[in-house]
There are 2 protein chains.
Amino acid sequence: MSRSARLLDLVQILHRHRRPVSGRTLAGEMGVSIRTLYRDIATLQGQGAPIEGEAGLGYVLKPGFMLPPLMFTDEEIEAIVLGSRWVAKQPDKRLAAAAADALAKIAAVLPDDLRDDLDATTLLVGPRSENAEAIDLGIVRQAIRDERKLGFLYRDAGGAASKRLVWPFALAFFDKVRVMVAWCETRQDFRHFRADRMSGLTATGIRYPRRRQAMLKEWRAGLDAPGRNGAKDASG
Amino acid sequence: MSRSARLLDLVQILHRHRRPVSGRTLAGEMGVSIRTLYRDIATLQGQGAPIEGEAGLGYVLKPGFMLPPLMFTDEEIEAIVLGSRWVAKQPDKRLAAAAADALAKIAAVLPDDLRDDLDATTLLVGPRSENAEAIDLGIVRQAIRDERKLGFLYRDAGGAASKRLVWPFALAFFDKVRVMVAWCETRQDFRHFRADRMSGLTATGIRYPRRRQAMLKEWRAGLDAPGRNGAKDASG
DNA sequence: GGACCTGCTGTCAGATTCTGGCAGTAGCGA
DNA sequence: TCGCTACTGCCAGAATCTGACAGCAGGTCC
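Residues numbered from 1 in each chain as written. Chains lettered and ligands numbered in written order. Predicted model: local features only at pLDDT ≥ 70, side-chain atom pairs only at ≥ 80, totals over all residues.

A. Inspection of the overall build of chain A at higher detail. Assigned secondary structure in chain A consists of eight helices and eleven strands. Counting every position in chain A, which comprises 236 residues, the buried fraction comes to 32%. Within chain A, residue pairs in contact and separated by at least 24 positions form 57% of the contacts whose partners lie at least 6 positions apart. (Helix = DSSP H or I, 4+ residues; strand = E, 2+ residues; numbered from the N terminus. Buried ≥ 20, exposed ≤ 12 C-beta atoms within 10 Å, placed from the backbone. Contact = placed C-beta atoms within 7 Å.)

B. Broad picture of the protein's contact with DNA strand D. The local shell around DNA strand D holds 21 residues, among which Gly23(A), Gly53(A), Ala55(A), Ser33(B) and Thr36(B) are the closest. Counting only elements with at least two residues in the surface near DNA strand D, the list comes to α2 (23-30), α3 (34-46), β1 (51-54) and β2 (58-61) of chain A together with α3 (34-46) of chain B. For the surface near DNA strand D, the leading source of residues is α3(A), giving four residues. Partitioned by chemical class, the residues of the surface near DNA strand D number seven nonpolar, eight polar and six charged. (Near = placed C-beta within 6 Å. Nonpolar A, V, L, I, M, F, W, Y, C, P; charged D, E, K, R; others polar.)

C. Examining the relation of the copies chain A and chain B more closely. Placing chain A over chain B gives an RMSD of 0.1 Å and needs a rotation angle of 180°, together with 0.0 Å of translation along the axis. The transformation just described matches what one would write down for a two-fold rotation axis. The position closest to the rotation axis in chain A is occupied by the C-alpha of Gly83(A), lying 1.8 Å away. With an isologous cut-off of 70% or more, the 100% of interface residues of chain A that recur at the interface of chain B puts this contact in the isologous class. (Least-squares fit on C-alpha atoms with pLDDT ≥ 70 in both.)

D. Here's a closer look at the interface of chain A and chain B. Contact with chain A, which involves 61 residues of that partner, is made by 61 residues of chain B. Looking at the side of chain A that touches chain B, the element that brings in the most residues is helix α4 (residues 74-88) of chain A, giving twelve residues. When grouped by side-chain class, the residues that make up the side of chain A that touches chain B number 38 nonpolar, twelve polar and eleven charged. Bridge count between strand β3 (residues 64-67) of chain A and strand β4 (residues 70-73) of chain B: four bridges; the pairing is antiparallel. What sits directly across from Leu67(A), in β4(B), is Leu70(B). (Pairing = 2+ DSSP bridges.)

E. Main features of the protein's contact with DNA strand C. The environment of DNA strand C is formed by 21 residues, the closest being Ser33(A), Thr36(A), Gly56(A), Gly23(B) and Gly53(B). Counting only elements with at least two residues in the surface near DNA strand C, the list comes to α3 of chain A together with α2 (23-30), α3, β1 (51-54) and β2 (58-61) of chain B. When residues in the surface near DNA strand C are grouped by element, the largest group, four residues, is from α3(B). Of the residues in the surface near DNA strand C, the class split is seven nonpolar, eight polar and six charged.

F. Focus on the confidence of the model for chain A. The share of residues in chain A with pLDDT of 70 or more is 83%, and the mean pLDDT across the chain is 82. Both confidence scores are given for the complex: pTM 0.70, ipTM 0.70. (pLDDT = per-residue confidence, 0-100.)

G. Local environment of the nonpolar core. Counting 105 residues, the largest nonpolar core has Ala182(A) and Ala182(B) as the members making the most contacts within it. Beyond its immediate chain neighbours, meaning those up to four positions away, Ala182(B) contacts Val166(B), Trp167(B), Pro168(B), Phe169(B), Arg191(B) and Phe193(B). (Core = buried A, V, L, I, M, F, W, Y, C linked by C-beta atoms within 7 Å.)

H. Summary view of the packing of α2(B) against α3(B). Residue and element names in this part refer to chain B. Where α2 contacts α3, the two axes come as close as 9 Å, and the packing angle between them is 100°. Classified by the angle between their axes, α2 and α3 sit roughly perpendicular to one another. From α2, Gly23, Arg24, Leu26 and Ala27 reach across to α3, where they touch Ile34, Leu37 and Tyr38. Its residues assigned to classes, the contact of α2 with α3 shows five nonpolar, one polar and one charged. (Axes fitted to C-alpha atoms, helices over the stretch in contact; angles between N-to-C directions. Parallel < 35°, antiparallel > 145°, perpendicular 65-115°, else oblique.)

I. The environment of Ala157(B), seen in detail. All names here are of chain B. On the secondary structure map, Ala157 appears in the loop between β6 (148-155) and β7 (161-173). For Ala157, a count of 10 C-beta atoms within 10 Å puts it in the exposed group. For the pair formed by Ala157 and Arg194, sequence separation is 37 residues and the distance between their alpha carbons is 9.8 Å.

Below you can see the structure in the form of C-alpha coordinates.
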(Lines give C-alpha, C1' and ligand atoms only; values in the text may rest on other atoms or scores of the structure.)
Protein backbone atom coordinates (compact mmCIF):
# COMPACT_ATOMS: atom_id res chain seq x y z
CA MET A 1 0.00 0.00 0.00
CA SER A 2 1.32 3.40 -0.93
CA ARG A 3 1.99 5.99 1.68
CA SER A 4 -0.63 8.44 0.41
CA ALA A 5 -3.29 5.74 0.45
CA ARG A 6 -2.29 4.87 4.00
CA LEU A 7 -2.72 8.48 5.06
CA LEU A 8 -6.29 8.50 3.79
CA ASP A 9 -6.91 5.24 5.59
CA LEU A 10 -5.63 6.75 8.79
CA VAL A 11 -8.13 9.58 8.59
CA GLN A 12 -10.95 7.14 7.99
CA ILE A 13 -9.95 4.96 10.94
CA LEU A 14 -9.79 8.05 13.12
CA HIS A 15 -13.21 9.03 11.83
CA ARG A 16 -14.71 5.70 12.87
CA HIS A 17 -13.47 5.94 16.44
CA ARG A 18 -15.20 8.95 17.92
CA ARG A 19 -13.37 8.61 21.24
CA PRO A 20 -9.65 9.31 21.55
CA VAL A 21 -7.53 6.46 20.20
CA SER A 22 -3.96 5.73 21.21
CA GLY A 23 -1.21 5.78 18.64
CA ARG A 24 -0.38 2.15 19.47
CA THR A 25 -3.92 1.07 18.55
CA LEU A 26 -3.90 3.02 15.29
CA ALA A 27 -0.52 1.60 14.36
CA GLY A 28 -1.88 -1.88 15.01
CA GLU A 29 -4.95 -1.36 12.83
CA MET A 30 -2.81 -0.15 9.97
CA GLY A 31 -0.11 -2.78 10.35
CA VAL A 32 2.62 -0.24 10.79
CA SER A 33 5.09 0.64 13.52
CA ILE A 34 4.25 3.32 16.03
CA ARG A 35 7.16 5.43 14.89
CA THR A 36 5.77 5.53 11.39
CA LEU A 37 2.35 6.36 12.76
CA TYR A 38 3.70 9.46 14.48
CA ARG A 39 5.28 10.49 11.21
CA ASP A 40 2.00 9.95 9.36
CA ILE A 41 0.07 11.99 11.90
CA ALA A 42 2.59 14.81 11.54
CA THR A 43 2.26 14.69 7.75
CA LEU A 44 -1.53 14.85 7.93
CA GLN A 45 -1.44 17.74 10.36
CA GLY A 46 0.93 19.46 7.98
CA GLN A 47 -1.68 19.03 5.26
CA GLY A 48 -4.27 20.74 7.42
CA ALA A 49 -6.07 17.76 8.93
CA PRO A 50 -7.61 18.72 12.29
CA ILE A 51 -6.06 15.88 14.29
CA GLU A 52 -5.36 16.57 17.94
CA GLY A 53 -3.14 14.48 20.18
CA GLU A 54 -3.06 14.71 23.94
CA ALA A 55 -0.59 12.94 26.17
CA GLY A 56 -2.27 10.30 28.29
CA LEU A 57 -5.36 10.20 26.07
CA GLY A 58 -4.73 9.60 22.38
CA TYR A 59 -5.74 11.15 19.08
CA VAL A 60 -9.05 12.70 18.08
CA LEU A 61 -10.12 13.87 14.64
CA LYS A 62 -12.48 16.82 14.56
CA PRO A 63 -15.54 15.82 12.53
CA GLY A 64 -14.82 16.19 8.87
CA PHE A 65 -13.90 14.51 5.62
CA MET A 66 -10.57 14.02 3.94
CA LEU A 67 -10.78 14.09 0.17
CA PRO A 68 -8.01 12.49 -1.89
CA PRO A 69 -6.73 14.25 -5.00
CA LEU A 70 -9.66 14.80 -7.32
CA MET A 71 -10.01 15.91 -10.89
CA PHE A 72 -12.94 18.08 -11.88
CA THR A 73 -13.93 19.39 -15.29
CA ASP A 74 -14.52 23.10 -15.82
CA GLU A 75 -18.25 22.62 -15.68
CA GLU A 76 -18.09 20.59 -12.50
CA ILE A 77 -16.05 23.28 -10.77
CA GLU A 78 -18.44 25.91 -12.02
CA ALA A 79 -21.34 23.92 -10.60
CA ILE A 80 -19.65 23.55 -7.21
CA VAL A 81 -18.69 27.21 -7.06
CA LEU A 82 -22.14 28.40 -8.11
CA GLY A 83 -23.82 26.09 -5.63
CA SER A 84 -21.56 27.16 -2.79
CA ARG A 85 -22.17 30.79 -3.63
CA TRP A 86 -25.88 30.17 -3.44
CA VAL A 87 -25.47 28.56 -0.03
CA ALA A 88 -23.27 31.45 1.04
CA LYS A 89 -26.22 33.78 0.44
CA GLN A 90 -28.66 31.77 2.51
CA PRO A 91 -29.94 33.36 5.71
CA ASP A 92 -28.54 30.43 7.70
CA LYS A 93 -25.37 32.17 8.77
CA ARG A 94 -23.34 29.22 9.96
CA LEU A 95 -24.05 27.25 6.81
CA ALA A 96 -23.31 30.33 4.73
CA ALA A 97 -19.99 30.74 6.51
CA ALA A 98 -19.18 27.08 5.94
CA ALA A 99 -19.83 27.53 2.22
CA ALA A 100 -17.52 30.52 2.15
CA ASP A 101 -14.85 28.57 4.03
CA ALA A 102 -15.11 25.65 1.64
CA LEU A 103 -14.69 28.00 -1.32
CA ALA A 104 -11.70 29.59 0.35
CA LYS A 105 -10.09 26.21 0.92
CA ILE A 106 -10.53 25.27 -2.70
CA ALA A 107 -9.23 28.63 -3.87
CA ALA A 108 -6.21 28.35 -1.57
CA VAL A 109 -4.87 25.26 -3.29
CA LEU A 110 -5.33 26.47 -6.85
CA PRO A 111 -2.52 28.11 -8.77
CA ASP A 112 -2.86 31.85 -9.29
CA ASP A 113 -4.33 31.84 -12.76
CA LEU A 114 -7.01 29.37 -11.83
CA ARG A 115 -7.84 31.25 -8.65
CA ASP A 116 -8.38 34.40 -10.68
CA ASP A 117 -10.79 32.49 -12.86
CA LEU A 118 -12.61 31.30 -9.79
CA ASP A 119 -12.76 34.73 -8.17
CA ALA A 120 -14.12 36.21 -11.34
CA THR A 121 -16.23 33.22 -12.18
CA THR A 122 -18.95 34.56 -14.29
CA LEU A 123 -21.76 32.68 -12.64
CA LEU A 124 -23.38 34.98 -10.15
CA VAL A 125 -26.10 34.42 -7.61
CA GLY A 126 -28.65 37.17 -7.23
CA PRO A 127 -29.58 38.53 -3.83
CA ARG A 128 -32.27 36.65 -1.92
CA SER A 129 -35.60 38.10 -1.00
CA GLU A 130 -34.84 38.12 2.69
CA ASN A 131 -37.38 36.34 4.81
CA ALA A 132 -35.82 36.68 8.20
CA GLU A 133 -36.19 33.70 10.47
CA ALA A 134 -36.18 34.25 14.18
CA ILE A 135 -34.32 31.01 14.90
CA ASP A 136 -30.80 29.75 14.35
CA LEU A 137 -30.97 27.02 11.74
CA GLY A 138 -27.50 25.92 12.79
CA ILE A 139 -29.07 24.48 15.93
CA VAL A 140 -31.52 22.52 13.79
CA ARG A 141 -28.74 21.11 11.61
CA GLN A 142 -26.68 20.17 14.65
CA ALA A 143 -29.67 18.41 16.21
CA ILE A 144 -30.23 16.49 12.98
CA ARG A 145 -26.60 15.39 12.81
CA ASP A 146 -26.59 14.29 16.44
CA GLU A 147 -30.11 12.80 16.29
CA ARG A 148 -31.37 14.78 19.25
CA LYS A 149 -34.78 16.16 20.15
CA LEU A 150 -35.73 19.79 19.65
CA GLY A 151 -38.26 21.86 21.53
CA PHE A 152 -39.85 25.06 20.20
CA LEU A 153 -42.98 27.14 19.82
CA TYR A 154 -44.87 26.84 16.54
CA ARG A 155 -47.36 29.27 15.12
CA ASP A 156 -49.44 27.61 12.40
CA ALA A 157 -51.01 29.18 9.33
CA GLY A 158 -54.07 30.20 11.33
CA GLY A 159 -51.95 31.99 13.93
CA ALA A 160 -52.53 29.48 16.74
CA ALA A 161 -49.39 28.70 18.73
CA SER A 162 -48.42 25.34 20.23
CA LYS A 163 -45.42 23.94 22.10
CA ARG A 164 -43.66 21.11 20.27
CA LEU A 165 -41.12 18.41 20.99
CA VAL A 166 -39.91 16.75 17.78
CA TRP A 167 -37.31 14.41 16.29
CA PRO A 168 -35.84 16.42 13.40
CA PHE A 169 -34.27 14.53 10.49
CA ALA A 170 -34.29 16.80 7.46
CA LEU A 171 -34.17 20.41 6.37
CA ALA A 172 -35.52 21.50 3.00
CA PHE A 173 -34.57 24.69 1.17
CA PHE A 174 -37.32 26.07 -1.03
CA ASP A 175 -37.16 29.24 -3.03
CA LYS A 176 -38.61 31.33 -0.27
CA VAL A 177 -38.82 29.35 2.95
CA ARG A 178 -36.87 26.70 4.81
CA VAL A 179 -38.77 23.77 6.19
CA MET A 180 -37.77 21.34 8.92
CA VAL A 181 -39.09 17.82 8.61
CA ALA A 182 -39.51 15.89 11.86
CA TRP A 183 -41.43 13.30 13.79
CA CYS A 184 -43.71 15.15 16.19
CA GLU A 185 -43.96 13.48 19.59
CA THR A 186 -47.23 15.14 20.48
CA ARG A 187 -49.03 14.27 17.24
CA GLN A 188 -47.24 10.92 16.76
CA ASP A 189 -46.79 11.57 13.06
CA PHE A 190 -44.47 13.22 10.55
CA ARG A 191 -44.89 16.97 10.36
CA HIS A 192 -43.09 19.77 8.61
CA PHE A 193 -42.40 23.14 10.14
CA ARG A 194 -41.68 26.39 8.36
CA ALA A 195 -38.62 27.98 9.90
CA ASP A 196 -40.17 31.44 9.88
CA ARG A 197 -42.98 30.23 12.10
CA MET A 198 -40.76 28.68 14.76
CA SER A 199 -39.53 30.48 17.86
CA GLY A 200 -37.97 29.74 21.24
CA LEU A 201 -35.85 26.95 19.81
CA THR A 202 -34.10 24.83 22.43
CA ALA A 203 -31.70 21.94 21.86
CA THR A 204 -32.69 19.40 24.51
CA GLY A 205 -29.60 17.24 24.12
CA ILE A 206 -31.83 14.17 24.51
CA ARG A 207 -31.12 11.55 21.89
CA TYR A 208 -34.16 10.29 20.03
CA PRO A 209 -34.57 6.53 19.66
CA ARG A 210 -34.51 6.15 15.86
CA ARG A 211 -31.94 6.57 13.09
CA ARG A 212 -32.48 9.68 11.01
CA GLN A 213 -31.75 7.81 7.78
CA ALA A 214 -34.55 5.34 8.56
CA MET A 215 -37.00 8.13 9.29
CA LEU A 216 -36.02 9.94 6.12
CA LYS A 217 -36.61 6.79 4.10
CA GLU A 218 -39.99 6.18 5.72
CA TRP A 219 -41.04 9.76 5.18
CA ARG A 220 -40.01 9.63 1.51
CA ALA A 221 -41.96 6.39 1.04
CA GLY A 222 -44.97 8.21 2.43
CA LEU A 223 -44.45 10.99 -0.12
CA ASP A 224 -44.31 8.58 -3.01
CA ALA A 225 -47.37 6.56 -1.97
CA PRO A 226 -50.49 7.56 -3.91
CA GLY A 227 -53.29 9.24 -2.03
CA ARG A 228 -51.14 10.28 0.90
CA ASN A 229 -49.13 13.35 1.45
CA GLY A 230 -46.37 12.21 3.77
CA ALA A 231 -46.26 14.95 6.33
CA LYS A 232 -48.72 17.78 6.54
CA ASP A 233 -47.86 21.23 7.69
CA ALA A 234 -47.97 21.26 11.44
CA SER A 235 -51.39 22.78 11.92
CA GLY A 236 -52.92 19.85 13.79
CA MET B 1 10.21 18.25 -4.00
CA SER B 2 8.00 15.33 -3.12
CA ARG B 3 6.53 13.16 -5.77
CA SER B 4 2.92 14.08 -5.00
CA ALA B 5 3.73 17.78 -5.21
CA ARG B 6 5.42 17.16 -8.53
CA LEU B 7 2.30 15.44 -9.85
CA LEU B 8 0.19 18.48 -9.04
CA ASP B 9 2.78 20.66 -10.70
CA LEU B 10 2.60 18.54 -13.80
CA VAL B 11 -1.15 19.06 -14.07
CA GLN B 12 -0.73 22.79 -13.69
CA ILE B 13 1.97 22.96 -16.35
CA LEU B 14 -0.25 20.96 -18.67
CA HIS B 15 -3.08 23.35 -17.89
CA ARG B 16 -1.01 26.36 -18.89
CA HIS B 17 -0.13 24.97 -22.30
CA ARG B 18 -3.38 24.65 -24.15
CA ARG B 19 -1.70 23.09 -27.17
CA PRO B 20 -0.25 19.59 -27.08
CA VAL B 21 3.13 19.49 -25.31
CA SER B 22 5.80 16.88 -25.86
CA GLY B 23 6.97 14.74 -22.98
CA ARG B 24 10.52 16.01 -23.47
CA THR B 25 9.37 19.61 -22.93
CA LEU B 26 7.40 18.73 -19.83
CA ALA B 27 10.31 16.76 -18.40
CA GLY B 28 12.54 19.77 -19.01
CA GLU B 29 10.18 22.17 -17.25
CA MET B 30 10.00 19.93 -14.22
CA GLY B 31 13.71 19.12 -14.13
CA VAL B 32 13.15 15.41 -14.39
CA SER B 33 14.05 12.69 -16.86
CA ILE B 34 11.65 11.73 -19.60
CA ARG B 35 11.33 8.23 -18.24
CA THR B 36 10.10 9.59 -14.92
CA LEU B 37 7.72 11.86 -16.74
CA TYR B 38 6.08 8.91 -18.46
CA ARG B 39 5.69 7.26 -15.09
CA ASP B 40 4.15 10.41 -13.62
CA ILE B 41 1.69 10.69 -16.49
CA ALA B 42 0.68 7.08 -15.98
CA THR B 43 0.16 7.69 -12.27
CA LEU B 44 -2.02 10.72 -12.93
CA GLN B 45 -4.08 8.85 -15.49
CA GLY B 46 -4.49 6.10 -12.93
CA GLN B 47 -5.90 8.70 -10.56
CA GLY B 48 -8.46 9.73 -13.12
CA ALA B 49 -6.80 12.78 -14.66
CA PRO B 50 -8.04 13.29 -18.24
CA ILE B 51 -4.60 13.45 -19.87
CA GLU B 52 -4.38 12.23 -23.43
CA GLY B 53 -1.18 11.41 -25.26
CA GLU B 54 -0.88 10.93 -28.99
CA ALA B 55 2.20 9.73 -30.79
CA GLY B 56 3.75 12.45 -32.92
CA LEU B 57 1.89 15.22 -31.10
CA GLY B 58 2.29 15.30 -27.35
CA TYR B 59 0.08 15.49 -24.28
CA VAL B 60 -3.14 17.43 -23.79
CA LEU B 61 -5.10 17.90 -20.58
CA LYS B 62 -8.83 18.23 -20.99
CA PRO B 63 -9.89 21.48 -19.33
CA GLY B 64 -10.28 20.96 -15.62
CA PHE B 65 -8.80 21.32 -12.20
CA MET B 66 -6.79 18.94 -10.09
CA LEU B 67 -7.44 19.30 -6.39
CA PRO B 68 -4.86 18.01 -3.90
CA PRO B 69 -6.01 16.20 -0.77
CA LEU B 70 -8.36 18.50 1.10
CA MET B 71 -9.94 18.42 4.53
CA PHE B 72 -13.47 19.69 4.97
CA THR B 73 -15.52 20.03 8.13
CA ASP B 74 -18.98 18.49 8.33
CA GLU B 75 -20.61 21.83 7.75
CA GLU B 76 -18.44 22.59 4.75
CA ILE B 77 -19.33 19.29 3.13
CA GLU B 78 -22.99 19.90 3.87
CA ALA B 79 -22.72 23.30 2.24
CA ILE B 80 -21.08 21.88 -0.87
CA VAL B 81 -23.57 19.04 -1.16
CA LEU B 82 -26.55 21.30 -0.64
CA GLY B 83 -25.25 23.82 -3.14
CA SER B 84 -24.53 21.17 -5.74
CA ARG B 85 -28.01 19.72 -5.25
CA TRP B 86 -29.48 23.11 -5.85
CA VAL B 87 -27.49 23.45 -9.06
CA ALA B 88 -28.55 19.95 -10.05
CA LYS B 89 -32.17 21.15 -9.98
CA GLN B 90 -31.56 24.16 -12.21
CA PRO B 91 -33.17 24.12 -15.62
CA ASP B 92 -29.72 24.46 -17.22
CA LYS B 93 -29.33 20.79 -18.01
CA ARG B 94 -25.61 20.65 -18.73
CA LEU B 95 -24.74 22.53 -15.58
CA ALA B 96 -27.16 20.36 -13.63
CA ALA B 97 -25.48 17.25 -15.00
CA ALA B 98 -22.08 18.64 -14.07
CA ALA B 99 -23.27 19.19 -10.52
CA ALA B 100 -24.50 15.62 -10.36
CA ASP B 101 -21.19 14.36 -11.73
CA ALA B 102 -19.22 16.36 -9.19
CA LEU B 103 -21.31 14.91 -6.39
CA ALA B 104 -20.79 11.43 -7.76
CA LYS B 105 -17.03 11.93 -7.89
CA ILE B 106 -16.96 13.06 -4.29
CA ALA B 107 -19.18 10.21 -3.21
CA ALA B 108 -17.01 7.70 -5.06
CA VAL B 109 -13.94 8.42 -2.97
CA LEU B 110 -15.65 8.39 0.40
CA PRO B 111 -15.73 5.27 2.55
CA ASP B 112 -19.08 3.51 2.74
CA ASP B 113 -20.33 4.96 5.99
CA LEU B 114 -19.63 8.50 4.90
CA ARG B 115 -21.22 7.92 1.51
CA ASP B 116 -24.40 6.76 3.22
CA ASP B 117 -24.42 9.96 5.20
CA LEU B 118 -24.03 11.91 2.01
CA ASP B 119 -26.74 10.01 0.16
CA ALA B 120 -29.12 10.54 3.01
CA THR B 121 -27.89 14.01 3.77
CA THR B 122 -30.76 15.67 5.40
CA LEU B 123 -30.49 18.94 3.57
CA LEU B 124 -32.98 18.85 0.75
CA VAL B 125 -33.66 21.24 -2.06
CA GLY B 126 -37.27 21.84 -2.92
CA PRO B 127 -38.49 21.62 -6.50
CA ARG B 128 -38.16 24.76 -8.59
CA SER B 129 -41.05 26.69 -10.00
CA GLU B 130 -40.21 25.79 -13.56
CA ASN B 131 -39.81 28.74 -15.86
CA ALA B 132 -38.82 27.03 -19.05
CA GLU B 133 -36.26 28.80 -21.16
CA ALA B 134 -36.24 28.28 -24.88
CA ILE B 135 -32.45 28.44 -25.13
CA ASP B 136 -29.56 26.26 -24.06
CA LEU B 137 -27.71 28.08 -21.32
CA GLY B 138 -24.78 25.73 -21.86
CA ILE B 139 -24.05 27.62 -25.06
CA VAL B 140 -24.00 30.88 -23.13
CA ARG B 141 -21.59 29.50 -20.53
CA GLN B 142 -19.33 28.10 -23.22
CA ALA B 143 -19.30 31.45 -25.02
CA ILE B 144 -18.39 33.20 -21.75
CA ARG B 145 -15.55 30.79 -21.07
CA ASP B 146 -14.18 31.15 -24.59
CA GLU B 147 -14.86 34.90 -24.77
CA ARG B 148 -16.82 34.67 -28.00
CA LYS B 149 -19.70 36.69 -29.39
CA LEU B 150 -23.30 35.52 -29.25
CA GLY B 151 -26.16 36.37 -31.55
CA PHE B 152 -29.84 36.01 -30.64
CA LEU B 153 -33.30 37.50 -30.79
CA TYR B 154 -34.49 39.44 -27.76
CA ARG B 155 -38.03 40.28 -26.84
CA ASP B 156 -38.13 43.09 -24.28
CA ALA B 157 -40.64 43.72 -21.52
CA GLY B 158 -42.90 45.59 -23.92
CA GLY B 159 -42.91 42.69 -26.38
CA ALA B 160 -40.77 44.37 -29.05
CA ALA B 161 -38.20 42.04 -30.59
CA SER B 162 -34.70 42.98 -31.73
CA LYS B 163 -31.68 41.15 -33.13
CA ARG B 164 -28.61 41.33 -30.92
CA LEU B 165 -24.88 40.69 -31.14
CA VAL B 166 -23.26 40.79 -27.72
CA TRP B 167 -20.09 40.00 -25.75
CA PRO B 168 -21.30 37.88 -22.85
CA PHE B 169 -19.26 37.79 -19.65
CA ALA B 170 -21.52 36.76 -16.80
CA LEU B 171 -24.61 34.75 -15.96
CA ALA B 172 -26.65 35.48 -12.84
CA PHE B 173 -29.03 33.06 -11.14
CA PHE B 174 -31.93 34.73 -9.39
CA ASP B 175 -34.73 32.96 -7.59
CA LYS B 176 -36.90 32.84 -10.65
CA VAL B 177 -34.98 33.89 -13.72
CA ARG B 178 -31.50 33.61 -15.15
CA VAL B 179 -29.92 36.74 -16.58
CA MET B 180 -27.03 37.06 -19.00
CA VAL B 181 -24.83 40.15 -18.60
CA ALA B 182 -23.05 41.32 -21.74
CA TRP B 183 -21.70 44.21 -23.72
CA CYS B 184 -24.18 44.94 -26.48
CA GLU B 185 -22.49 45.83 -29.78
CA THR B 186 -25.52 47.61 -31.17
CA ARG B 187 -26.19 49.78 -28.12
CA GLN B 188 -22.49 50.18 -27.19
CA ASP B 189 -23.24 49.69 -23.51
CA PHE B 190 -23.68 47.01 -20.87
CA ARG B 191 -27.04 45.30 -20.98
CA HIS B 192 -28.61 42.36 -19.21
CA PHE B 193 -30.86 39.85 -20.88
CA ARG B 194 -33.40 37.56 -19.23
CA ALA B 195 -32.87 34.04 -20.50
CA ASP B 196 -36.59 33.41 -20.92
CA ARG B 197 -36.84 36.30 -23.38
CA MET B 198 -34.02 35.12 -25.62
CA SER B 199 -34.47 32.91 -28.66
CA GLY B 200 -32.60 31.82 -31.75
CA LEU B 201 -29.29 31.67 -29.90
CA THR B 202 -26.27 31.21 -32.15
CA ALA B 203 -22.64 30.84 -31.10
CA THR B 204 -20.74 32.89 -33.65
CA GLY B 205 -17.31 31.54 -32.76
CA ILE B 206 -15.93 35.05 -33.21
CA ARG B 207 -13.68 36.07 -30.37
CA TYR B 208 -14.51 39.43 -28.81
CA PRO B 209 -11.64 41.86 -28.22
CA ARG B 210 -11.77 42.26 -24.43
CA ARG B 211 -11.06 40.05 -21.39
CA ARG B 212 -14.21 38.92 -19.62
CA GLN B 213 -12.64 39.58 -16.20
CA ALA B 214 -12.01 43.21 -17.16
CA MET B 215 -15.56 43.66 -18.38
CA LEU B 216 -16.92 42.06 -15.23
CA LYS B 217 -14.86 44.42 -13.10
CA GLU B 218 -15.98 47.45 -15.05
CA TRP B 219 -19.58 46.38 -14.87
CA ARG B 220 -19.35 45.84 -11.11
CA ALA B 221 -17.77 49.25 -10.66
CA GLY B 222 -20.75 50.70 -12.50
CA LEU B 223 -23.07 48.87 -10.10
CA ASP B 224 -21.33 50.28 -7.05
CA ALA B 225 -21.18 53.84 -8.30
CA PRO B 226 -23.93 56.04 -6.80
CA GLY B 227 -26.66 57.29 -9.08
CA ARG B 228 -26.00 54.76 -11.80
CA ASN B 229 -27.41 51.35 -12.35
CA GLY B 230 -24.69 49.56 -14.27
CA ALA B 231 -26.63 47.83 -17.00
CA LYS B 232 -30.26 48.28 -17.71
CA ASP B 233 -32.52 45.61 -18.99
CA ALA B 234 -32.16 45.44 -22.73
CA SER B 235 -35.22 47.41 -23.69
CA GLY B 236 -33.36 50.19 -25.50
C1' DG C 1 9.47 4.28 -48.80
C1' DG C 2 12.46 6.67 -45.56
C1' DA C 3 13.66 10.04 -42.05
C1' DC C 4 11.96 11.87 -37.99
C1' DC C 5 9.17 12.89 -34.22
C1' DT C 6 6.37 11.22 -30.72
C1' DG C 7 4.20 7.94 -27.03
C1' DC C 8 5.06 3.93 -24.43
C1' DT C 9 7.30 -0.36 -22.05
C1' DG C 10 11.05 -3.31 -19.96
C1' DT C 11 15.23 -3.62 -17.37
C1' DC C 12 18.57 -2.51 -13.91
C1' DA C 13 21.94 -0.12 -10.96
C1' DG C 14 22.24 3.83 -8.09
C1' DA C 15 19.96 7.64 -5.53
C1' DT C 16 16.38 8.74 -2.55
C1' DT C 17 12.94 8.03 0.65
C1' DC C 18 10.53 5.37 3.99
C1' DT C 19 10.38 2.40 7.88
C1' DG C 20 11.20 0.15 12.32
C1' DG C 21 13.57 -0.14 16.56
C1' DC C 22 15.84 2.24 20.26
C1' DA C 23 16.60 5.89 23.51
C1' DG C 24 15.04 9.86 25.68
C1' DT C 25 11.86 14.04 27.06
C1' DA C 26 7.51 15.70 28.57
C1' DG C 27 2.46 16.04 29.80
C1' DC C 28 -1.61 14.01 32.05
C1' DG C 29 -4.28 11.28 35.49
C1' DA C 30 -4.55 8.07 39.50
C1' DT D 1 5.02 7.91 42.87
C1' DC D 2 3.53 4.94 38.70
C1' DG D 3 1.57 4.07 34.28
C1' DC D 4 0.02 5.68 30.08
C1' DT D 5 0.47 8.67 26.50
C1' DA D 6 2.44 12.10 22.81
C1' DC D 7 6.52 13.40 20.60
C1' DT D 8 11.63 13.82 18.79
C1' DG D 9 16.40 12.40 17.22
C1' DC D 10 19.15 8.84 15.40
C1' DC D 11 20.56 5.13 12.34
C1' DA D 12 20.71 0.86 9.59
C1' DG D 13 17.97 -1.87 6.52
C1' DA D 14 13.91 -2.09 3.40
C1' DA D 15 11.22 -0.17 -0.06
C1' DT D 16 10.59 2.98 -3.56
C1' DC D 17 11.89 6.20 -7.01
C1' DT D 18 14.86 7.76 -10.65
C1' DG D 19 17.75 8.01 -14.79
C1' DA D 20 19.80 5.84 -18.69
C1' DC D 21 19.55 2.65 -22.30
C1' DA D 22 17.23 -0.28 -25.66
C1' DG D 23 13.35 -1.26 -28.33
C1' DC D 24 8.45 -1.16 -30.41
C1' DA D 25 4.43 1.28 -32.49
C1' DG D 26 1.98 5.06 -34.43
C1' DG D 27 1.74 9.29 -36.79
C1' DT D 28 3.89 13.44 -40.16
C1' DC D 29 6.60 15.26 -43.71
C1' DC D 30 9.53 14.82 -47.76
